[in-house]
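# Breakdown of the fold
This is what each chain is made of:
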Amino acid sequence: MTAPAPAAHPARTLRVTKGHGTQNDFVLLDDRAGLLDLDAPLVRALADRRAGVGGDGVIRLIASTELAEGTAVLATEPRARWFMDYRNADGSVAQMCGNGVRVFARYLEHLGLWAASDEELVVGTRSGAMTVRRAAGPDGDLSWLAFDIGRWHLPGGAAALAAGHDAEVEVPGLAVARPALSVDVGNPHTVLALPDVAELEAARLADAPSVSPVPPHGTNVELVVPLGEATVDGVLVGRVRMRVHERGVGETRSCGTGAVAAAMAVRAWAGAGAPDVWYVDVPGGTVRVTALGADHAELAGPAVLVAEADVDLAALVGR
Ligand SMILES: N[C@@H](CCC[C@H](N)C(=O)O)C(=O)O
């Protein structure tokens, strides 16, 4: 019996890293030179939890100079050398991913592109440049990452603020439609408050909530239960519990931009004197949102890399 002849070409593999921020998980790719054709079928295959690596989204590291969106960010922030090219698990492109920015920064640190001696890292996103810093986590060590997520606003303006809502959402599992507030954090969100945790748990978020009026580009939907306020070390702090149904993904265990939208909505509903600092408990952990002035917010939380793998592209998508 003769040994099989070696393959004429070695299998094409793609090195990927798996990471998460409060269990919002991502497949990360190093494509600095922009050589990869990251089309929607490849994104869907990588994100597939049975036939692929599995993740809520795919994040490509690419030099800002290699993408039109990156070049636009560089024009205003020359330090944004690396761009976070974020895709939802269904292959769609989203403007922003809050947990993704922290996990992307951790990835750059891992690749030696963010030195321990550098206090800040500026990354490009479709929502502009984000400046990430290392921040104290619950144990007081520098295990968290934090950044100003940029300008947030209520698309419904002063009228929505005065009414407390500008939309209505039907959530599978909940008996009646609920009033909700649209919040833009670079990407679209619709936040609705529930009176207690029992209702939060009754929601069936595997099915998409139905939002009216129908948002033109879709929306992420956050269900929140305000848990109260307390003074901690002289600072008034609020706490909310949240579940989310993400556009382009489904229910996820966390959403960073969603946490910002939820905290800013609850703060707006509470009115003058409401806390600036909010802890948002999600199924995958806890993140902190801090209002910065009238219309910016800082998002802080963990970011962890858990695995590296070589993906066989022929087996994954027949390439
Ligand atoms: N999980 C992300 C948000 C990802 C994008 C979102 N699904 C959209 O389509 O807008 C986060 O942490 O912010």
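Cut-offs and rules
Residues numbered from 1 in each chain as written. Predicted model: local features only at pLDDT ≥ 70, side-chain atom pairs only at ≥ 80, totals over all residues. Heavy atoms only, no water. UniProt positions renumbered as here; feature names shortened; annotations may be inferred. Helix = DSSP H or I, 4+ residues; strand = E, 2+ residues; numbered from the N terminus. Rg over C-alpha atoms; globule rule 2.2 N^0.38 Å. Buried < 20%, exposed > 50% of the residue type's maximum accessible area, 1.4 Å probe, protein only. Near = heavy atom within 4 Å. Polar contact = N/O pair within 3.5 Å; in protein donor to acceptor, adjacent residues only side chain to side chain. Nonpolar A, V, L, I, M, F, W, Y, C, P; charged D, E, K, R; others polar. Contact = heavy atoms within 4.5 Å. Salt bridge = Lys/Arg side-chain N within 4 Å of Asp/Glu carboxyl O.

The name an unreviewed UniProt entry assigns to the chain is Diaminopimelate epimerase, from the organism Cellulomonas composti. Its UniProt record, at the heading Subcellular location (unreviewed entry), says of the chain: "Cytoplasm".

### Re the overall build of the chain
Looking only at helices and strands, the chain features seven helices and 18 strands. The C-alpha atoms of the chain give 20 Å as radius of gyration, which agrees with the globular expectation for 319 residues (20 Å, within 12%). The principal-axis extent of the C-alpha atoms belonging to the chain is close to 80 × 45 × 35 Å. Evaluated residue by residue, the chain yields a buried proportion of 50% over its 319 residues.

### Let's talk about unusual backbone geometry
Apart from glycine, the bulk of residues carry a negative phi angle, and the bulk of peptide bonds sit in the trans form. In this chain, S212 is followed by P213 through a cis amide linkage whose omega measures 0 degrees. You can see P213 is positioned in the loop between β11 (210-212) and β12 (220-232). The backbone phi angle of Q23 is positive, close to 70 degrees, even though this residue is not glycine. Within the fold, Q23 resides in the loop between β1 (13-21) and β2 (24-30). A positive phi is found at D233, a non-glycine position, where the angle reads about 50 degrees. Counting through the fold element by element, D233 comes out in the loop between β12 and β13 (235-246). Look at D233 and you get exposed, because its relative accessible area is 78%.

### Description of the site of the ligand
If you check the shell around the ligand, you find 15 residues, and the closest are N24, G98, E246, G256 and T257. Between the ligand and E246, the relevant distance is 2.8 Å, taken from a nitrogen atom to a side-chain nitrogen or oxygen of the residue. Listed by contribution, the elements that provide at least two residues to the shell around the ligand are β4 (82-88), α3 (98-110) and α6 (256-270). Its residues placed into classes, the shell around the ligand shows five nonpolar, eight polar and two charged.

### Side note on the UniProt feature "binding site: substrate" (unreviewed entry) in the chain
Cross-referencing UniProt, the feature "binding site: substrate" (unreviewed entry) maps to N24, N88, G98, N99, N187, N220, E246, R247, G256 and T257 in the present numbering. By secondary structure assignment, the location of N187 is in the loop between β9 (178-184) and β10 (188-193). Beyond its immediate chain neighbours, meaning those up to four positions away, N187 contacts Q95, M96, N220, R247 and T257. As for its placement among the helices and strands, T257 is situated in helix α6. Judged by relative accessible area, which is 1%, T257 ranks as buried. For T257, the residues in contact, after removing those within four places along its chain, are M96, C97, G98, I149, V185, N187 and H189. At 3.1 Å, the side chain of T257 forms a polar contact with the side chain of H189.

### Quick word on the pattern of salt bridges
Taken as a whole and assessed by the stated rule, the structure comprises 23 salt bridges. A salt bridge links R60 to D85; its shortest N-O distance comes to 2.9 Å. Remark: D85 occurs in strand β4 and R60 occurs in strand β3 (residues 57-63); sequence separation between them is 25 residues. Per residue, the accessibility class of R60 equals that of D85, and both read buried. Between E109 and R134 there is a salt bridge, with its nearest N and O atoms 2.9 Å apart. With E109 in helix α3 and R134 in strand β6 (residues 128-135), the pair connects residues that are 25 residues apart, well separated along the chain. Residue classification places R134 among the buried residues on the basis of a relative accessible area of 18%.

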